[in-house]
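Letter by letter, the chains look like this.
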Amino acid sequence: MSSVLDKWLWHHEYWLPPGITWKDMEDSEHARYPRPRDLAIAIPYAFVFIAVRFLFERFIALPLSKHMGVKEKSRKIAPSQPTLEKVYATQNTCPKKSVLLALSKQCDIPVQQVTTWFRHRRNQDRPSITQKFCEASWRFAFYLLAFVAGLCVLLDKPWFWDQKECWKGYPQQMLLPSHYWYYMIELAFYWSLLLRVSLDVKRKDFKEQIIHHIATIFLIGFSYCANYIRVGTLVMLVHDASDYIMECAKMLNYAGWRRSCDVLFVAFAVVFLITRLIIFPNVVIYTTFYHSMEVFQPFFGYYFFNVLLMILQLLHIFWAYLILRMVAKFVFVGKIDKDERSDDEESDEAEEVEDGRMESKSASSTNHNGVLNKMTNGMRSKSNERNKLPKASSL
């Protein structure tokens, strides 16, 4: 089995520059180099992260949510309807109008009641605000610690200040213990996110998150095997620089601290746009595309690594678009309404609007005129009351 992997998967011509073999990367008394088998330790560490996360959310995040005043919204429970429940569980959670009409006839209840049942049933399956707060708290704690650890690991390294140093002596660059653990912890964390993705809060960018986790795992794993560790540490630091700010803003949002949340989100937007749209492409991607060519000729690993970086950059552009939409709302409306990626609960007001569209135009016109008459009568009564009051000159 190992011979097959060495021939087809780990062949040195794929992952190392021309003229370098895995024998040149063997450990010695004075130097240790990354080995693909080292990555296997990230899987058990991922389950450790899952266990630690469970304890963190239960004994730290949950009490913190109560202390910060997180309040749950009251949800209406959908009444027992076996026919509708079967459709909800096996076919579609949000049926089309034609299906709603058919279900209305089948259950002998109004269409509006069927629509209301499905909306309440969807809200029942949505995660609670406390669950969202606990998840954001866990991510905030990890990203903050990872960013601080990354700074401690890299601030005294020459390639942090001059990216050409990333390729000095490549690929025979010694693996430092701090870099090894930095890599394994980050890799294990993203494995834990991928393993728990079906249980975490699902957002509108769910598919993009899956792609991001997979691309990140491949990027970390490949960069470790091919000894792109110096560039890899820069990539991880750039990503952790803004993530903890966003998670903290989410926590404040779930707790109802709107003003603090808005201010912190603006700070996140600035850091995100600088790190992901300026530093990442102009520093990290630039050095992998051009500075590396001063040391070796292009090979498969070179193209593979840069393709992964470009996938991340495309995701950065997608998320930057969503962030800028939210910033635009903040500038023109004065507040940030919600996370563009979030999947909000459907309110009763939304149902009333939808039901109003299904009513006839005559009924709508009647209701509208009734509202106008009430407003007119109210204005007239207020005017009469003002006429009865004594004038300012007679006081």
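Our subject is the structure listed above.
What counts as what
- Residues numbered from 1 in each chain as written.
- Predicted model: local features only at pLDDT ≥ 70, side-chain atom pairs only at ≥ 80, totals over all residues.
- Heavy atoms only, no water.
- Core = buried A, V, L, I, M, F, W, Y, C linked by side-chain atoms within 4.5 Å.
- Buried < 20%, exposed > 50% of the residue type's maximum accessible area, 1.4 Å probe, protein only.
- Axes fitted to C-alpha atoms, helices over the stretch in contact; angles between N-to-C directions.
- Helix = DSSP H or I, 4+ residues; strand = E, 2+ residues; numbered from the N terminus.
- Parallel < 35°, antiparallel > 145°, perpendicular 65-115°, else oblique.
- Left-handed = near helix turned anticlockwise from the far one by under 90°.
- Contact = heavy atoms within 4.5 Å.
- Nonpolar A, V, L, I, M, F, W, Y, C, P; charged D, E, K, R; others polar.
- 1 Å grid on protein atoms, 1.4 Å probe; cavity = no way out; pocket = protein on both sides within 12 Å on 5 of 7 lines; lining within 4 Å.
- Points joined across faces, edges and corners; volume = space filled by probe spheres on them.
- Patch = residues over 30% accessible without salt bridge, like charges linked within 9 Å, V, L, I, M, F, W, Y side chains within 5 Å.
- Areas by Shrake-Rupley, 256 points an atom, 1.4 Å probe, with all protein chains shown as cover.
- Salt bridge = Lys/Arg side-chain N within 4 Å of Asp/Glu carboxyl O.

Here we take up the nonpolar core. Among the nonpolar cores identified, the biggest contains 75 residues, and Phe189, Tyr224, Tyr228 and Phe280 are the most heavily contacted of them. In this structure, Leu100, Ile109, Trp117 and Phe118 belong to the second largest nonpolar core, which totals 12 residues.

Now for the packing of helix α7 (residues 129-154) against helix α9 (residues 177-195). How two helices pack is summed up by the angle between their axes together with the distance between the axes. Running from amino to carboxyl end, α7 crosses α9 at an angle of 160°, the nearest separation of the two axes being 11 Å. Here α9 runs roughly antiparallel to α7, going by the angle between their axes. The hand of the α7/α9 crossing is left-handed. Taken together, the residues of α9 that come into contact with α7 (itself represented by Trp138, Arg139, Phe142, Tyr143, Ala146, Gly150, Val153 and Leu154) are Ser178, His179, Tyr182, Ile185, Glu186, Phe189, Tyr190 and Leu193. Class assignment for the residues of the contact of α7 with α9 results in 11 nonpolar, three polar and two charged.

Another point: empty space enclosed by the protein. What the rule picks out here adds up to two cavities of 30 Å³ or more. In this structure, the second largest cavity occupies an estimated 130 Å³ of space. Thr216, Leu219, Ile220, Val235 and Met236 are the residues nearest the centre of the second largest cavity, which is lined by 14 residues in total.

Within the secondary structure, His291 is located in the loop between α12 (258-289) and α13 (300-333). Excluding residues within four positions of it along the chain, His291 makes contact with Gln163, Lys164, Trp167 and Tyr286.

A word on a nonpolar patch on the surface. A contiguous nonpolar patch, built from Val270, Ile274, Leu277, Ile278, Ile279, Leu314 and Ile317 and spanning about 570 Å² of accessible area, is present on the exposed surface. Broken down by secondary-structure element, the contributors of at least two residues to the nonpolar patch are α12 and α13. Considering each element in turn, the nonpolar patch owes the most residues, five residues, to α12. Tracing the sequence through the fold places Leu277 in helix α12. Of the residues examined, Leu277 reaches a relative accessible area of 31% and is grouped as partly exposed.

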